[in-house]
Amino acid sequence: MERLRRFEGPTIIGAPSREFEPRKHQLFLAGGISNCPDWQKNLIELLPGLPNVNIFNPRRVEFPKDDPNALKEQIEWEYDFLRNASSIAVWFSRGSLNPIVWYELGMWVNSRPKLPAFIGVDPAYERPQDVIIQTGLPRPEIEIVSSLEDLATQIRTHVSKPN
């Protein structure tokens, strides 16, 4: 199983790997990982040519459901990488109400006003107005987008800025 993948562009660190070399930008992909499309793969494909970025992807190719320690390991991995992210991309995907994503939005984005965050809502997501309102109150500066292409554009713009 490939957990650390290098190519011309960002380095992708997939759960549960903890092996990576620090880079200027540490981007966490917060969003659904079950009962929804593999939006992480699609977003990563839209982000070529960003060599100064680590992307932390919590979605596993196959979750080891028979391993009694796997859930705790997954949650701890996500906690550690969210806590140390220098920016977070959040995607509310169709197919699920994304309950954990709501937690991530509140805990890691809305309660940290200086953290760069990029938020998108799939046009088929059931509760887009909730995302807009819940984000707009604490973080009115965040522009919520409705496509992965627009989310990728926001990310590219951010990581391309000089210090």
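The text that follows walks through the structure, step by step, so that each part is easy to find. (Residues numbered from 1 in each chain as written. Predicted model: local features only at pLDDT ≥ 70, side-chain atom pairs only at ≥ 80, totals over all residues. Heavy atoms only, no water.)

1. Concerning unusual backbone geometry
Part 1: The peptide bond linking Ala 15 to Pro 16 adopts the cis configuration, its omega dihedral lying at 5°.
Part 2: Locating Pro 16 in the fold gives a position in the loop between strand S2 (11-14) and strand S3 (25-31).
Part 3: Despite not being glycine, Asn 35 has its phi angle at roughly 60°, a positive value.
Part 4: Tracing the chain through its elements places Asn 35 in the loop between S3 and helix H1 (39-45).
Part 5: Residue Asn 35 is classed as exposed on the basis of its relative accessible area of 64%.
Part 6: Within the chain, Asn 98 stands out as a residue other than glycine whose phi angle is a positive 60°.
Part 7: Relative to the assigned elements, Asn 98 resides in the loop between strand S5 (87-92) and helix H3 (99-110).
Part 8: What makes Asn 98 buried here is its relative accessible area of 3%. (Helix = DSSP H or I, 4+ residues; strand = E, 2+ residues; numbered from the N terminus. Buried < 20%, exposed > 50% of the residue type's maximum accessible area, 1.4 Å probe, protein only.)

2. A closer look at the pattern of salt bridges
Once the charged atoms of two side chains with opposite charge are near each other, the side chains can pair.
Part 1: Per the counting criterion, the structure on display carries nine salt bridges.
Part 2: For the salt bridge of Asp 38 with Arg 59, the shortest nitrogen-to-oxygen distance reads 3.2 Å. With Asp 38 in the loop between S3 and H1 and Arg 59 in the loop between strand S4 (53-57) and helix H2 (70-84), this residue pair connects regions lying 21 residues apart in the sequence.
Part 3: In this structure Arg 59 comes out as buried when scored by relative accessible area, which is 17%.
Part 4: The salt bridge partner of Glu 45 is Lys 41, with a shortest N-O separation of 3.4 Å. Of the two residues, Glu 45 and Lys 41 both sit in helix H1, four residues apart, roughly one turn of that helix. (Salt bridge = Lys/Arg side-chain N within 4 Å of Asp/Glu carboxyl O.)

3. So, the layout of surface pockets
Part 1: The computed volume of the largest pocket comes to approximately 630 Å³.
Part 2: Ile 33, Ser 34, Gln 74, Glu 78 and Ile 100 are, among the 25 residues lining the largest pocket, the residues nearest its centre.
Part 3: Where the lining of the largest pocket is concerned, the elements lending two or more residues are H2 and H3.
Part 4: Among the residues making up the lining of the largest pocket, the classes are represented as 13 nonpolar, seven polar and five charged. (1 Å grid on protein atoms, 1.4 Å probe; cavity = no way out; pocket = protein on both sides within 12 Å on 5 of 7 lines; lining within 4 Å. Points joined across faces, edges and corners; volume = space filled by probe spheres on them. Nonpolar A, V, L, I, M, F, W, Y, C, P; charged D, E, K, R; others polar.)

4. What to know about H2
Part 1: Its 15 residues place the ends of H2 21 Å apart at the C-alpha level, agreeing with the 21 Å of an ideal helix rising 1.5 Å per residue.
Part 2: Among the residues making up H2, those that are buried are Ala 70, Gln 74, Trp 77, Glu 78, Phe 81 and Leu 82. For H2, the buried positions fall inside an angular range of 120° around the axis, keeping them on one side. Away from the buried face of H2 by more than 90 degrees, exposed residues Lys 72, Ile 75 and Asn 84 are located.
Part 3: Along its buried surface, H2 packs onto S2, S3, S4, S5 and H3. (Expected span 1.5 Å × (residues − 1). Arc of directions from axis to C-beta. Contact = heavy atoms within 4.5 Å.)

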